[in-house]
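Coordinate inspection notes
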Amino acid sequence: MRKLITLLLSTLLLISCDNKSEKEIFINDLLSQMTLDEKIGQMNQYNGFWDATGPMPEGEYQKSRYRDLKNGLVGSMLNVTGVDNVRALQKIAVEETRLGIPLIFAFDVIHGYQTISPIPLAESSSWDLEAIEKSARVAAIEASAAGLNWTFAPMVDISRDARWGRVMEGAGEDPFLGSLIAKARVKGFQGNDLSDYNTIAACAKHFTSYGFAEAGRDYNTADTNEYTLFNTILPPFKAAVDAGVSTFMNSFNTVDEIPATGSSFLQRDILKGEWGFDGFVVSDWGSIGEMIPHGYARDGAHAAEIAANAGSDMDMESSLYIRKLDELVTSGKVDISIVDDAVKRILGVKYDLGLFDDPYKYCNKDREKNVLGSKENQEAVLDIAKKSIVLLKNDDALLPLKKKNQTIALIGQLANDKNSAIGNWRGRGASNSAVSVLEGLNSYKENKVIYTKGVDLYYGETNFFTRVDVNYNDRSGFNRARSVAKSSDVVVMVLGEEGYQTGEGRSRTNLLLPGLQQELLEEIYNVNKNVVLVLVNGRPLNISWADENIPAIVEAWQLGSQAGNAIAQVLYGDYNPSGKLTMSFPRNVGQVPIYYNYKNTGRPSKSQKVVTASAYSDVENSPIYPFGYGLSYTSFNYSDLTLSSEEMNNKQSIIASVTLTNSGKYKGKEVVQLYIRDLHGSLSRPLKELKGFEMLELEPGESKKVDFTIDNSLLKYYTVNKKWESELGDFYVYIGGNSDVDSFKKFELIN
Ligand code: BGC
């Protein structure tokens with residue numbers, strides 16, 4: 001088939017008198033040979049239910065899928081991994097179907113394939129775009145070695161709601177940082193050339209507003225206004241398009257009362273129209289069929305009609321395209337041009353990946369053997385794991401720990417857990433494959449570590465499909481933990497969430513430490529005040545009590561394969577923590593949604609005592625730890641905030657400068673953050689918006705001046721005119737170490 005296509009292609013090239021690219025000519029030619037059923041087949045994606053290397057699958061359901069595959073009625077498979085499995089299915093597509101069009105193999109490579117990086121929310125806390133790109137690169141290198149050519153990542157959904165379990169997959173609450181991270185991750189997966197053997201197509205998901213699920217309940221309605229959509233939700237998606245992302249995935253929820261899967265406003269007008277996206281859109285799992293329970297489609301045929309017309313190009317697992325689209329085209333309900341456009345997009349991505357040149361290019365057994373879990377990959381994930389840790393509190397310099405002559409009580413089930421740090425969406429990361437905190441601390445030989453669980457957080461094996469069985473009753477380990485703590489110099493308590501307590505379908509209405517962990521923490525603190533709390537979790541938690549009482553708190557997230565080593569190196573000061581939060585930590589769940597770039601309201605609160613202002617009567621409005629917050633073992637001092645001018649027009653720029661001094665005892669890194677406030681506009685404006693940041697590393701006593709250039713591009717937003725533009729008037733400029741910075745300088749944007 002390939003020969004025939006090449007021959008035709010060269011003939012066409014010779015006679016082609018217009019400027020069509022080789023790719024376009026190839027695809028048009030291929031399309032012209034396809035039957036309607038074959039075209040629809042390209043729009044159909046199946047999950048890999050059978051053992052591909054084994055005999056013919058059992059059961060009518062699977063047999064029919066196998067027949068579809070042989071008949072060229074499948075364009076893509078998901079969840080088929082490993083060179084042997086991929087090769088076996090690819091062989092059927094290439095050798096047994098009429099046109100031999102290769103399949104594209106997809107998998108959720110969210111934070112690593114076999115060697116697991118920190119969960120994306122953790123990685124975002126590094127604010128280190130290079131490291132984040134590298135992490136995605138490592139994931140792509142491994143996934144491509146395992147036969148895959150497409151990942152369903154990055155998830156670029158902005159979220160302000162820690163109740164939503166999928167915050168672990170994103171980059172937090174801010175669109176500016178979220179956009180840069182989206183770009184970095186797309187570049188990491190796709191590399192410079194998608195046709196390289198070790199790059200894979202990325203997928204920006206979930207388009208759109210999925211992170212704004214009401215009350216944080218997964219799959220729930222997202223009710224935002226048009227301005228929130230454009231100013232907050234869409235920017236990371238647009239950044240992914242600008243970075244050349246190959247595919248998009250739509251989302252389960254409704255946006256403006258219409259399921260995103262059926263939204264032609266989102267998929268056709270914005271994505272493919274305004275943004276000129278030329279890749280394809282895959283539905284989320286079964287989301288075409290889910291338009292029926294949404295109360296938007298009458299039946300399966302209607303759902304397929306809506307989805308295809310709205311620009312959902314590939315159907316993940318509802319089988320509605322393969323069953324209904326034929327008839328819909330014949331009856332004129334879906335124009336053939338819609339199908340042709342979708343198929344061209346899908347073939348285009350296969351072409352870019354080089355699958356027409358060599359459908360088995362990702363199927364190299366030697367590479368699979370050498371690359372998966374390699375030492376080099378382990379080192380890379382250790383590096384990003386250290387950078388992802390955020391030091392939340394460190395009273396009286398309890399940290400770093402002394403390296404000698406200390407007895408350390410290590411308490412908490414998660415301290416000896418090799419599974420939870422792998423997190424949810426763990427690719428093919430093996431269960432129990434992470435370095436535990438116990439192992440990490442034990443690699444420092446000159447202290448004595450006494451481990452005792454204290455309490456079970458959960459029981460039994462955990463997995464993607466079932467709820468974690470949490471312990472609410474058994475306190476039998478408390479006594480031993482108390483006595484070990486009492487006789488130790490310092491206590492390290494590792495508490496938080498089991499790896500499957502966050503992620504898809506893991507919404508919570510309570511953000512406290514689950515189970516009996518809080519109770520244990522208080523008990524231990526009663527017998528030894530030298531407690532270091534290490535949090536292993538996938539979302540911001542309510543740790544108000546700990547913040548008031550516990551002297552040292554380290555947010556270690558779910559850090560992946562090398563978690564225990566990264567945590568030990570930070571606790572001992574071999575790595576000076578530099579991470580900064582990308583989601584605000586609430587004082588309690590009642591404050592959620594909580595985010596730094598909120599609006600002032602007409603009645604901003606200065607004191608909780610004032611009843612008629614926008615305040616709570618029981619807690620302050622502020623979060624416990626704001627966006628951008630994170631400490632170091634050293635301290636940093638900001639001084640001399642200056643602006644090069646107090647006014648500019650939209651062609652000019654201003655330099656905002658500050659001096660950063662390392663005023664502490666250790667060499668350390670600081671993320672210097674630039675925030676701007678637009679004092680008034682055609683819409684009510686946020687109190688602050690992140691507009692730049694720079695990471696500096698300074699020796700003790702060293703100072704450096706940091707300059708940020710402020711030009712018109714930083715002042716633009718989606719205004720009441722439905723345009724990205726800046727508006728004349730006053731702006732405040734803040735530069736500091738987190739979003740709570742309050743000293744500012746003012747300038748005016750003039751005509
Ligand atoms: C999730 C997607 C994921 C897909 C395929 C869905 O349930 O929402 O993010 O890519 O499954 O696994």
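Residues numbered from 1 in each chain as written. Predicted model: local features only at pLDDT ≥ 70, side-chain atom pairs only at ≥ 80, totals over all residues. Heavy atoms only, no water.

Some words on the pattern of salt bridges
Scanning the model with the defined rule gives 38 salt bridges in all. Asp-84 is the salt-bridge partner of Lys-365, the closest N and O atoms lying 3.1 Å from each other. Of this pair, Lys-365 sits in helix α15 (residues 365-371) while Asp-84 sits in helix α5 (residues 83-96), placing them 281 residues apart in sequence. Of the residues examined, Lys-365 reaches a relative accessible area of 44% and is grouped as partly exposed. (Salt bridge = Lys/Arg side-chain N within 4 Å of Asp/Glu carboxyl O. Helix = DSSP H or I, 4+ residues; strand = E, 2+ residues; numbered from the N terminus. Buried < 20%, exposed > 50% of the residue type's maximum accessible area, 1.4 Å probe, protein only.)

Overview of the site of the ligand
Near the ligand you find 13 residues, and of these Asp-108, Arg-166, Lys-205, His-206 and Asp-284 are the closest. The contact in question runs from an oxygen atom of the ligand to an N or O atom on the side chain of Asp-108, over 2.5 Å. One of the side-chain nitrogen or oxygen atoms of Asp-284 is found 2.6 Å away from an oxygen atom of the ligand. Coverage of the ligand by the protein amounts to 93% of the 310 Å² it exposes when considered alone. Per-class residue counts for the shell around the ligand are seven nonpolar, one polar and five charged. (Near = heavy atom within 4 Å. Polar contact = N/O pair within 3.5 Å; in protein donor to acceptor, adjacent residues only side chain to side chain. Areas by Shrake-Rupley, 256 points an atom, 1.4 Å probe, with all protein chains shown as cover. Nonpolar A, V, L, I, M, F, W, Y, C, P; charged D, E, K, R; others polar.)

Here's the deal with the sheet that holds strand β20 (residues 647-648)
Pairing in this open sheet of five strands is mixed, and the strands run β20-β28-β27-β22-β23 from one edge to the other. Two strands lie at the open edges of the sheet, namely β20 and β23 (689-698), each paired on one side alone. Relative to strand β28 (residues 744-749), β20 is paired through two bridges, and the arrangement is parallel. From the neighbouring strand, Glu-647 faces β28, where its bridge partner is Glu-748. (Pairing = 2+ DSSP bridges.)

Focus on the pairing of strand β18 (residues 552-555)
Burial along β18 is two-sided: Ala-552 and Val-554 facing one way and Ile-553 and Glu-555 facing the other are all buried. The pairing of strand β11 (residues 390-394) with β18 spans four bridges and is classified as antiparallel. Pairing of Leu-391 across the sheet is with Val-554, part of β18. The pairing of strand β17 (residues 531-536) with β18 spans four bridges and is classified as parallel. Bridged to Val-534 within β18 is Val-554. A crossover connection joins β17 to the parallel β18 through helix α20 (residues 544-549); in handedness this β-α-β unit is right-handed. (Right-handed = clockwise from strand over helix to strand, strands pointing away.)

Some words on the packing of helix α9 (residues 226-233) against helix α10 (residues 235-242)
Two packed helices can be described by the angle between their axes and the distance between those axes. Relative orientation of the contacting elements α9 and α10 amounts to 45 degrees, with a least axis distance of 6 Å. By the angle between their directions, the pair α9 and α10 is classed as oblique. Listed contacts from α10 to Leu-229, Phe-230, Asn-231, Thr-232 and Ile-233 of α9 are Pro-235, Pro-236 and Phe-237. For the contact of α9 with α10, the residue count by class is six nonpolar, two polar and no charged. (Axes fitted to C-alpha atoms, helices over the stretch in contact; angles between N-to-C directions. Parallel < 35°, antiparallel > 145°, perpendicular 65-115°, else oblique. Contact = heavy atoms within 4.5 Å.)

Concerning the nonpolar core
Generally speaking, soluble globular proteins have nonpolar side chains that are buried together. Counting residues in each nonpolar core, the largest one holds 195 residues, and the members touching the most others are Trp-150, Phe-248, Leu-392, Val-532, Leu-559 and Leu-571. Of all the elements, helix α14 (residues 336-352) adds the most residues to this core, at seven residues. Setting aside residues up to four positions removed in sequence, Leu-392 forms contacts with Leu-535, Ile-543, Ile-553, Glu-555, Leu-581, Phe-585, Tyr-625, Tyr-629 and Leu-631. Membership of the second largest hydrophobic core comes to 23 residues, among which are Leu-641, Ala-656, Leu-696 and Leu-715. (Core = buried A, V, L, I, M, F, W, Y, C linked by side-chain atoms within 4.5 Å.)

Focus on the pairing of strand β12 (residues 407-411)
Within β12, four of the five residues are buried, which leaves the element mostly enclosed by the surrounding structure. Bridge analysis of β12 against strand β13 (residues 448-452) gives five bridges, and the strand direction is parallel. Residue pairing across strands places Ala-409 opposite Ile-450, the latter belonging to β13. For the crossover that starts at β12, traverses helix α17 (residues 437-442) and ends in the parallel β13, the hand is right-handed. In the sheet, β12 pairs with strand β16 (residues 490-496) via four bridges, with the strands oriented parallel. Bridging across to β16, Ile-411 finds its partner in Met-493.

As for the sheet that holds strand β10 (residues 315-316)
One open sheet accounts for five strands, arranged β4-β3-β2-β1-β10; its pairing is parallel. Of all strands in the sheet, those with a lone pairing partner are β4 (150-151) and β10, marking the two edges. Across two bridges, strand β1 (residues 44-47) lies against β10 in parallel orientation. Paired with Asn-44 across the strands is Asp-315, a residue of β10.

A word on the domain arrangement of the chain
Domain boundaries in the chain define domain 1 (378-578) and domain 2 (636-749). Between domain 1 and domain 2, the C-alpha centre-to-centre distance is 36 Å. Taken together, the contact between domain 1 and domain 2 spans five residues of the former and five residues of the latter. Interface area for domain 1 against domain 2, summed over the two sides, is near 380 Å², with a carbon-plus-sulfur share of 49%. Broken down residue by residue, the surface that domain 1 buries against domain 2 is led by Pro-400, Asn-576 and Ser-578, which jointly contribute 81%. At the surface where domain 1 touches domain 2, the tally comes to zero salt bridges. Here domain 1 is connected to domain 2 by two residue pairs in polar contact (both at pLDDT 80 or more). (Domains from an automatic or database assignment. Buried area = accessible area lost by both parts, 1.4 Å probe.)

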